[in-house]
Structure formats: C-alpha cells, structure tokens
Amino acid sequence: MTTAPWRDPALPAAARVDDLLSRMTLEEKTAQLYGVWVGAATDGDGVAPHQHDMTVESSDEEWAELITHGLGQLTRSFGTAPVAPALGAQALASAQRRIAGAGRFGIPAIAHEECLAGFTAWQATAYPVPLAWGATWDPPLVEEMARRVGDDLRSAGVHQGLAPVLDVVRDPRWGRVEETIGEDPYLVGTLGTAYVRGLESAGVVATLKHFAGYASSAGARNLAPVRAGVREFADVTLPPFEMALREGGARSVMAAYTETDGVPASADPGLLTHLLREEWGFTGTVVADYFGIGFLQSLHRVAATPAEAAHAALAAGIDVELPTVNCYGRPLLEAVRSGGIPEELVDRAARRVLLQKCELGLLDEDWAPEPPAGIDLDSTGNRILARRMAEESVVLLDNPGGLLPLAPDTRIAVVGPRAADALAMLGCYSFPSHVLTHYPGVPAGIEIPTVLDALRTELPDAKVTFAQGCDVTDPDTGGFEEAIARTAEADVCVAVLGDRAGLFGRGTSGEGCDATDLGLPGVQGELLDALVATGVPVVLVLLTGRPYALGRWHGRLGAVVQAFFPGEEGGPAVAGVLSGRVNPSGRLPVSVPRVPGGQPWTYLQPPLGLAGEVSNLDPTPLYAFGHGGSYTAFTWEVPADTRPVEIGTDGSYEVSVTVRNTGAREAAEVVQLYLHDPVASVTRPDMRLIGYQRVTAAPGDAARVTFRFHADLSSFTDRSGRRVVEPGALELRLAASSADVRHTAHLTLTGPVRVLGPDRRLRCETEVS
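Residues numbered from 1 in each chain as written. Predicted model: local features only at pLDDT ≥ 70, side-chain atom pairs only at ≥ 80, totals over all residues. Heavy atoms only, no water.

(A) Region of the structure containing the overall build of the protein. Looking only at helices and strands, one finds 20 helices and 28 strands in the protein. The globule rule puts the C-alpha radius of gyration for 769 residues at 27 Å, and the 26 Å found for the protein is close to it. Looking at the protein as a whole, 62% of its 769 residues qualify as buried. Accessible surface computed for the protein: about 27000 Å², of which carbon and sulfur atoms make up 49%. Each charge sign in the protein was given a centre, from 62 positive and 95 negative side chains, and these centres are 3 Å apart. (Helix = DSSP H or I, 4+ residues; strand = E, 2+ residues; numbered from the N terminus. Rg over C-alpha atoms; globule rule 2.2 N^0.38 Å. Buried < 20%, exposed > 50% of the residue type's maximum accessible area, 1.4 Å probe, protein only. Areas by Shrake-Rupley, 256 points an atom, 1.4 Å probe, with all protein chains shown as cover. Lys, Arg positive; Asp, Glu negative; His and termini not counted. Charge placed at Lys NZ, Arg CZ, Asp CG, Glu CD.)

(B) Here's a closer look at the side chain of arginine 760. Mapped onto the fold, arginine 760 is located in the loop between strand S27 (754–755) and strand S28 (765–768). A relative accessible area of 8% places arginine 760 in the buried class. Of note is the side chain of arginine 760, whose polar atom sits 3.0 Å from the side chain of glutamate 242. Arginine 760 has contacts with Glu242, Arg246, Asp712, Ser715 and Arg723, leaving out every residue within four places of it along the chain. (Polar contact = N/O pair within 3.5 Å; in protein donor to acceptor, adjacent residues only side chain to side chain. Contact = heavy atoms within 4.5 Å.)

(C) Structural context of the sheet that holds strand S25 (residues 728–737). Here five strands make up an open sheet; going across it, the order is S18-S26-S25-S20-S21 and the pairing mixed. In the strand order of this sheet, the two ends are held by strand S18 (645–648) and strand S21 (688–697), each with one partner. This sheet shows a mean twist of 30° between the axes of neighbouring strands, independent of strand direction. Looking at chain direction, strand S20 (residues 667–676) and S21 are connected through nine bridges and run antiparallel. Paired with leucine 673 across the bridge in S21 is glycine 691. (Pairing = 2+ DSSP bridges. Axes fitted to C-alpha atoms, helices over the stretch in contact; angles between N-to-C directions.)

(D) Quick peek at the pattern of salt bridges. If you walk through the whole model with that rule in mind, you get 49 salt bridges. We note a salt bridge from arginine 411 to aspartate 491, for which the minimum N-O separation is 2.8 Å. Of the two residues, arginine 411 is situated in strand S12 (residues 411–415) and aspartate 491 in the loop between helix H18 (480–488) and strand S14 (492–498); the sequence distance between them amounts to 80 residues. According to the relative accessible area criterion, arginine 411 is partly exposed, its value standing at 39%. Judged by its relative accessible area of 34%, aspartate 491 is partly exposed. Residue glutamate 458 pairs with arginine 581 through a salt bridge whose shortest N-O separation is 2.7 Å. Remark: arginine 581 occurs in the loop between helix H20 (570–579) and strand S17 (634–637) and glutamate 458 occurs in helix H17 (residues 451–458); sequence separation between them is 123 residues. What you see here is one network of salt bridges that share partners, running through Asp138, Glu144, Arg388, Glu392 and Arg694. (Salt bridge = Lys/Arg side-chain N within 4 Å of Asp/Glu carboxyl O.)

(E) Structural view of the environment of histidine 274. As for its placement among the helices and strands, histidine 274 is situated in helix H10 (residues 269–279). Residues histidine 274 and alanine 316, 42 residues apart in the sequence, show an inter-C-alpha distance of 9.2 Å. If we skip the residues at most four places from it in the chain, histidine 274 touches Pro269 and Glu279. For histidine 274, the side chain forms a polar contact with the side chain of glutamate 279, separated by 2.9 Å.

(F) Molecular detail of helix H1 (residues 13–23). Taken residue by residue, H1 has Arg16, Val17, Asp19, Leu20 and Leu21 as its buried positions. Packed against the buried residues of H1 are helix H2 (26–31) and helix H14 (343–359).

(G) Geometry of the packing of aromatic side chains. Under the definition given, this model contains 14 aromatic pairs. Plain terms: the ring middles of tyrosine 257 and phenylalanine 295 are 5.4 Å apart, the flat faces sit at 45° to each other, and that makes the pair tilted. Remark: phenylalanine 295 occurs in helix H11 (residues 292–298) and tyrosine 257 occurs in the loop between strand S7 (252–255) and strand S8 (259–260); sequence separation between them is 38 residues. On the accessibility criterion, phenylalanine 295 (11% relative accessible area) is buried. A connected cluster of aromatic rings, assembled from ring pairs, spans Trp137, Tyr186, Tyr603, Phe625, Tyr674 and Tyr692. A cation over a ring is seen here: lysine 209 above tyrosine 429, with NZ or CZ 5.6 Å from the ring centre. Of note, arginine 742 hangs over the ring of tryptophan 636, and the distance from its end group to the ring centre comes to 4.8 Å. (Phe/Tyr/Trp six-rings, centres within 6.5 Å; stacked < 30°, edge-to-face > 60°. Lys NZ or Arg CZ within 6 Å of the ring centre and 35° of its normal.)

(H) Representation of the nonpolar core within the structure. Tyr195, Phe211, Tyr328 and Leu550 are the most contacted members of the largest nonpolar core, which totals 209 residues. In this structure, Ala126, Ala390, Val539 and Leu578 belong to the second largest nonpolar core, which totals 37 residues. (Core = buried A, V, L, I, M, F, W, Y, C linked by side-chain atoms within 4.5 Å.)

(I) Fine view of the packing of helix H12 (residues 306–316) against H14. Their axes nearest at 10 Å, the elements H12 and H14 cross at an angle of 55°. By the angle class used here, H12 and H14 are oblique. Of the two possible hands of crossing, H12 and H14 adopt the one that is left-handed. Here H12 contributes His311, Leu314 and Ala315 to the contact with H14, which in turn contributes Leu345, Val346, Arg348 and Ala349. Classifying every residue of the contact of H12 with H14 gives five nonpolar, one polar and one charged. (Parallel < 35°, antiparallel > 145°, perpendicular 65-115°, else oblique. Left-handed = near helix turned anticlockwise from the far one by under 90°. Nonpolar A, V, L, I, M, F, W, Y, C, P; charged D, E, K, R; others polar.)

Listed below in structure tokens is the structure:
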C-alpha cells in the first residue's frame, strides 16, 4: 500500500504540508482558513450548525455544501448550549467524521473552546477567574489548574483553548478586568506563562489574548481606541505576550479588536508579522477575535468590502477567521481569482494552519475522533484544586481589631445581594453566567455553594440569619429595614456585596460591562452605610470582578475580605477565611482605590503620576498592589551590609531575605522584589515588580529567598525605540507590597549602554532554601 507523503508521519511536518498544499485547489486551501460556529445536539445525534446572533443560521444542506472542501475550525461545540459532556463529545466526533468524509483529503477540523476559568462547558469545573489567579501569586498552582483544564478539553475532543488573557489592567473601570491577571506586566507574564505551560502540556493549543493593547482603551470602554504611547505599549503591553511565547510555548495568538493610533490590530503587519514572527520568531497560527475581520469594514471603516477586509487581515498576518466564515469565504475566493488578492497570502496562512493540524495528529492516517468512555468534567480532583485555588486567592484587606476569625458560636447576620446567589462566585466566561442565562430552568450542572450556605456549614454552632438588603443594581432600598433589623440582633454582620457577571451591559462586570466610576454598583454602598450605622461590627466581603473604592468606609469596618469571582468552591473558601480554617494568603493583583471617580490608577506611575503639590487630587490607593493580610505574623531578616554594589550593564547580583513564621500556625508569605530607577533617559515607573516568591512556613520555621537579579531586568524602551540597559544607580526593593518596602539594596550599573535583542532575560530567577 502506497501512502501519500503528506500522510507519512515519518516525514518532517513541513515536507508533509508542502506535499499536501501542492495537491489542494484554491477552494480547499481557503476552507482551512475559517471556522464555523456549531452547537452540539442535546440528543448526541450529531452537530448542527449554530450561528451567533450576528450571523444567519445555515440549513443542513448548506452545512453539507460548506464542508465539501474541508474546514479549518469548529467553534464552541460545547460552549453554545447545555449538553452533557459525553453526548457532546459523541456529537463532536460525529461532526468530525462528517467533515473528514466530505472532503477529498479526509482532514478534520481543529475544535476550539473558551477556557478562561475552566472549560466553558455544561457540567465542567468553574475555576476562579484570572484576576483570582493573580491574587494567588502562585505560578505552579496556575500551571496545575491549566493542565487539568487541558486534559478535560482533550478528553472531549477539543484541540485549542482560547486563553489566557494577557492584557495588563490600565483602567479598572474596564469591564474585562476580571479576565485579566492584574495591573503589572511581570505578574501577568509569569502567571500567564504558567497557564500556557499547563495547557500545552496537555496537548492543547494555547491562544494568547488579546494581541495587543485591548486593555488600554480610552475611557475604559470596550473596543474604544487605544491611546497608549510607544513606550507604554513596548514596556507594559507586550512583555507578557513575549514571555508566554518564549517561555510558555504558546502556539496561537488572537488579534485584538482595538486600534492603536489609527491602525486596527487585525490589519497591522507591523504587529502581527514584523514583531510577532520576524522579531520574536513565532511560528504558530494567528486567529481573529470573533468577527474581528468583518469589523475592519463595519466598525473600523478601513475596508469598503468583505474582500478588502480579508485582504487587509491576510496581509497583516491573520491566518484563521473566527468564529464563522464571512470574509475568508466567497469574498476571498472571488478576489483571488480576479487578481485582487495574491494567492501567496492564502498559501502562507493555509500552510500555518496545516502545520498545526499536522502537529495535532489530524493529518495522520490513523486519526480517529472517538471520545473516551465516561467523561467527567467536574471530577473530585478538579474540585479539590478549585478549592485550593480559591483559598489561596482570597485577600484579607483589613482586620484592624482582630475581629476575624469569627468566634464559632457567635450570632451572625449575613446581609447582601451576593450572599445567597451561586452566580456571585462566577465570572462572565463561566458556563452558567455565559450561556445558561439563555436557558432558564436548566440547572447549573455543578454544585456551587453560596457564602451563606458555606458559612452555616463552616460554623455549625453559630446562629446565622440572612437578609438580602438590596439587589446588585436595582435602586430599591426597601430591603434595608430587614437587613438593619437582622444586624441589630447579631454580634457581627457579614456584608457580602459585589458584582454580577454578564455580557454587554447585562451585568456589572464582564465583556462590555464597563463602569462609569469605581463606586459599588447600585445602592450597595448605601446599604453598607446603614449596616455600619447600627454600631454592630461589620465584616465586608467583596465578590467582584474589579477593585472598588473603599475609602468611604476606611476605619469604620471590622474587617474587609476581597475575593475576585473565586469559582465553584469560592463559597467554602471565603467561609474558611471567615472561620479561620483558612489562613488568608492572597495578595492584591490590582490596587484598591480610595475614592471612586476621576482618577483611574495603577501603581505603575512615573513621578508625575504620584501624589504631589501640582494637583489637589491624591491618586494614592487605599490598599496597594501586592497587599494582603494573614492571621500569622512573619519577620523579615535582611543583610546588615547596605553598601552600594557596582555591577556591569551586563552583570548580575543576588539579593536575599529570610522570612520567619513567628505565629502559631502554618502560613504563606509572598516576598516581592521591586526595581526603582532614580534617573533614566525617559521617565520610568517609580517602582515596578521584577520578581516574587510565595513561601509557606510552619510555626517557627524560616525560609531564605534569594533573587538573582540580572541587569536585563532594568531594561526599557528609549527615545529611539531601542530596548536598552543604561548605566547608573538602581535600587532593588524587597517588599511585602508596592507600599511596604522592607529592605533596599543599592546598585550602580557601570559600562556602556547595552542594546538588547529578543534573547534578553525576562525573568528574575528565585531560589528558596
């Protein structure tokens, strides 16, 4: 039996794909460049086309015609409707067999799904959102979670995951803050890279989002123009993507919706080809954000027709149109045949797609889509990990009088619109929040204990009463009276307030749910005022997708606990912190502001961005980036010798600290290393994170943390656009937060200005002994 070269797994992938491309017609090549949005039938009898509300549904006959020449991708077979995992996997396999059987070459599609906070499928584990990953400061844990998510995706027949989001928060009013990891590029880069490693280790293609600049939109409006300058873009926006590609091995990148200085990302060859491929050496696929190519015509108005949009996107470097065929279908075919678009652009993109399919085994003769028996997407192991993630992500913002942990037999009034709602735990890309709102009456498919239920379980001897008090957004204050009455009868009030995740204005956090200011949504602030006025100590618990201004209540609350949409096990995690079973160890990945409006702020500010005499407005946050409390104390022991040290602009230096647990129980400390550059050729952030290490110690035990600083970590983009290391003074600041510096090491870099290339060091290596 003779096997065609493209089917021979013994040959290099490039040779196989070259052979295959030489045999394909233009129609067959373009068919590899788009996805189709499908939905699994609930009876497992097949996958019928399912189109987003921006598209038109296709009949079975149109679907059969569409796949005649093959198909690049299948879009969200599980994330469109509630279907049992086993049935969904069977339906997806049936669709793949049909696709492979329809074309001349028998090539299946790449199936992709959202996996921002777990596999976005019915009955799949809902993990904490990325902002909660940021609060853990724990890359190995994030990697372990991603590996589990990847294993679940592969078990169901999915090849590509649309995560992680590597946008760096620039304005916390932006609705998608919950999807980000935080406001610092080093924290985002290291945790995002850990997620990529985990997903890719399971054989799933990780897709970096959103490349690039999406989070810097003007006024924090979704899809608004990006106003970032060249150096902000280079030094804040891009580094997490570079790290996730170079160190994580991500095999796909998603182009952002936004435009920067008049150029949409989806039509920017400088970004998608010159930087991404020629400078960084990326060889994977670039996919469009959903409808992003069509938006070049309808929203950006840089294309007059779908064919012009296709040309601009292909030339820029977008290989795959998602979620469904539009510009890369007939408009592209006709434009190529008429000579308006070079066929070489189609070949370039098709080659990249087919190389990825070859890597995934989809070109092999023995490929088979059959799913394993007994798919469980919410296993015991998943839930244990989700609980650990949630527990590590809860941040104790304040506990001034030691009110927490709560006494086991106390009288507790639980108040607030987030206390008894399971959806309070979930972000907008969790399946129950993202999809099930369109299917009223369908159960969540997973167990999601509320804070109220979990607290009653956690403290069985306590007397717990409940009053909702108000809605998340409804201005009605009619429930205040009962909430005040329950509080007045209690020893302590636990006020559970926060966000409702949703899409495009249907929530207070999530895609398209941008905020006018950082005041608590609705009348929740007024409810909190009324509870505080009773004189009963109030513990504020926040379940949110962004930070909210809390200065109005500073010094008036018994304690403040922050959780960022902590997932299906978030209720028990929060209750465990309140009871003391969990010793809180989360640290803020975003600053918490003092006042709600007028000055959206992150800690990465040059001198003029800090408080000073030039303005009456003080942007200093109430709780700084990196802040978080514990029920255990640590002492920090640093070297006594603080004399300045000289190293070359290509040199390195070690700085160490010993942290000792002086409390009575095991606890975790997060040691943070910041860089301060007193004088540079362009303005620099007053402080920026360049290293961190989470350490756990038993009572009385100590851990020595050593950071191996290299001069590359001081680099920045100079006036000519080069990334440089400049000679001069530096300070390395060991800190418990960006506002709590414990020790400063003074360095002087000597020698010439160094210009760095793409091989520069991105990470501060750390050792714990």
